[in-house]
Structure formats: structure tokens, C-alpha cells
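Fold and geometry: a report
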Amino acid sequence: MTWDEIVPLLWEGAGQTAAMVGLATLFTVVLGLPLGVSLVVFDRGGLRPVPALKAVLGAVVNVGRSLPFIVLMIAIIPFTRLVVGTTIGTVAVVVPLTVGAVPFFARLVETALREVGGDVVQAAQAMGASRTAIVRKVLLPEALPGIVAGITVTVVALVGYSAMAGTVGGGGLGDLAVRYGYLRFEGQVMVATVVVLIVLVQLIQSLGDLVARRMSHK
């Protein structure tokens, strides 16, 4: 293959990867953030201790994190088909990407929230703030740099997951590497795909680190 043929394929694959990762990141944050908050709020010593519920949520998160993505993607095929009507293509891959990333991100949110000083929460309680107000106006703002860092790590992980999704017809750069670089023995396509993935991850990490530093109170 010539570079005139490879470049359009790279653009198409990069666009599909960006779409998959972007949608999955959105759904992951929407679902994972409240889950991470719940792990802290319902824990012993939390704002509303419910140890039994916290144990259930923790178990669900642990199960989700313990499954390799390729296994998870195959295991939830019926669920993916139920949600989007198909198991092949860019849109279909968003479902397992989200399911795989939510437990991962929830733990990162939990870690960021636990780093907030207890004296800040106690001061808010002493002022009569409600639990909801403490979460919204104290915990989340104080933990925001850590949460942004967690989002960055999650997006990088999703890029890797999306590449694996290409092995089962998910589209994106992973699909390009498999169809052309591996099955057709086009070495330059494989090298180009790897370079694009490396550059993409570096850009995401650098941007995430910059935003987290600017939000930090330190």
C-alpha cells in the first residue's frame, strides 16, 4: 500500500476511535461519578453510612474490574444487542467500553474523594450544611483535580480498550491494524497505527495533566 492509500484509512480509523472513546467517556463519567460518590458516602464513617449497600456496590465494582475487556465484551453481547440492536460497529462497541470503564473510573473517584480532608467536611457539617450540599459544594470541588486526573487515566484506558475492540469488528485504529497490518501483512500500516495511538495517548495525558494542575488548590 502507498501512503496516499494509508493516510485516508488512518484518518477514518482515528475518527472512529475518537467517536468511540468520546461517547464512552461521557457515559462513563455520568454513571461512574455517582457510583464513586456512593462508595464514599455509604461507607462506615461516611455522610450516610449504609455498610451493607456499600459492600454490594463494592462487590459489583470489583467484579467489573476483574474481567479482562475482551472477555467482558464477549460476555455482554446479548446486552449490547439489546441496547443498540447490533454487536458490530463503532456504536455497538460503546456499550462494552462503558461497562468496562465505569467500575474503573468509580474507584478513581472514590480515591480522589477520600483524599479530601476530614476537617473540611466537619466544618461544613458544623455550619449545618446538608449531605447533598456537602457532596456538591465541598467534596466534589475539593476532589476535582483528582477526578480530572482520573478521567484522563480512564480515557487513556478506553483508547486501549477501543484498539482491542477492533479485533472483533469494532472499527477504529484497532480494526485498521488487524485488517491491514496483520491479516494483509502491511507492516507500514501497523507501524503508522501504533504511532498514531502513541501520539493520541500523549496528547490526552498532557491535556489532562494541564487541566488537573490548573484546578489544583496546591
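See the structure printed just above.
Residues numbered from 1 in each chain as written. Predicted model: local features only at pLDDT ≥ 70, side-chain atom pairs only at ≥ 80, totals over all residues. Heavy atoms only, no water.

For the rest of this paragraph, the subject is the pattern of salt bridges. If charged atoms from side chains of opposite charge come close, those side chains can pair. Scanning the model with the defined rule gives three salt bridges in all. Residue Arg114 is joined to Asp43 by a salt bridge in which the shortest nitrogen-to-oxygen separation is 2.9 Å. Of the two residues, Arg114 sits in helix H5 (residues 90-114) while Asp43 sits in the loop between helix H1 (3-41) and helix H2 (51-66), which places them 71 residues apart along the sequence. Between Arg114 and Glu110 there is a salt bridge, with the nearest N and O atoms lying 3.0 Å from each other. With a gap of four residues between them, Arg114 and Glu110 both fall in helix H5, about one helical turn apart. Assessed through its relative accessible area of 42%, Arg114 is described here as partly exposed. Taking the relative accessible area as the measure of exposure, Glu110 reaches 8% and is therefore buried. Where salt bridges share partners, they join Asp43, Arg107, Glu110 and Arg114 into one cluster. (Salt bridge = Lys/Arg side-chain N within 4 Å of Asp/Glu carboxyl O. Helix = DSSP H or I, 4+ residues; strand = E, 2+ residues; numbered from the N terminus. Buried < 20%, exposed > 50% of the residue type's maximum accessible area, 1.4 Å probe, protein only.)

On the surface, Val63, Leu67, Ile70, Val71, Ile74 and Met164 cluster together into a nonpolar patch covering about 470 Å² of accessible area. For Val63, the position within the fold is in helix H2. (Patch = residues over 30% accessible without salt bridge, like charges linked within 9 Å, V, L, I, M, F, W, Y side chains within 5 Å. Areas by Shrake-Rupley, 256 points an atom, 1.4 Å probe, with all protein chains shown as cover.)

Closest axis-to-axis distance for the H2/H5 pair is 8 Å, and the angle between their directions is 130°. Our classification of the angle between H2 and H5 gives oblique. Counting all contacts with H2, which are made through Lys54, Gly58, Val61, Asn62, Gly64 and Arg65, the residues of H5 involved are Pro103, Phe104, Arg107, Glu110 and Arg114. Here the residues of the contact of H2 with H5 are counted per class, giving three nonpolar, three polar and five charged. (Axes fitted to C-alpha atoms, helices over the stretch in contact; angles between N-to-C directions. Parallel < 35°, antiparallel > 145°, perpendicular 65-115°, else oblique. Contact = heavy atoms within 4.5 Å. Nonpolar A, V, L, I, M, F, W, Y, C, P; charged D, E, K, R; others polar.)

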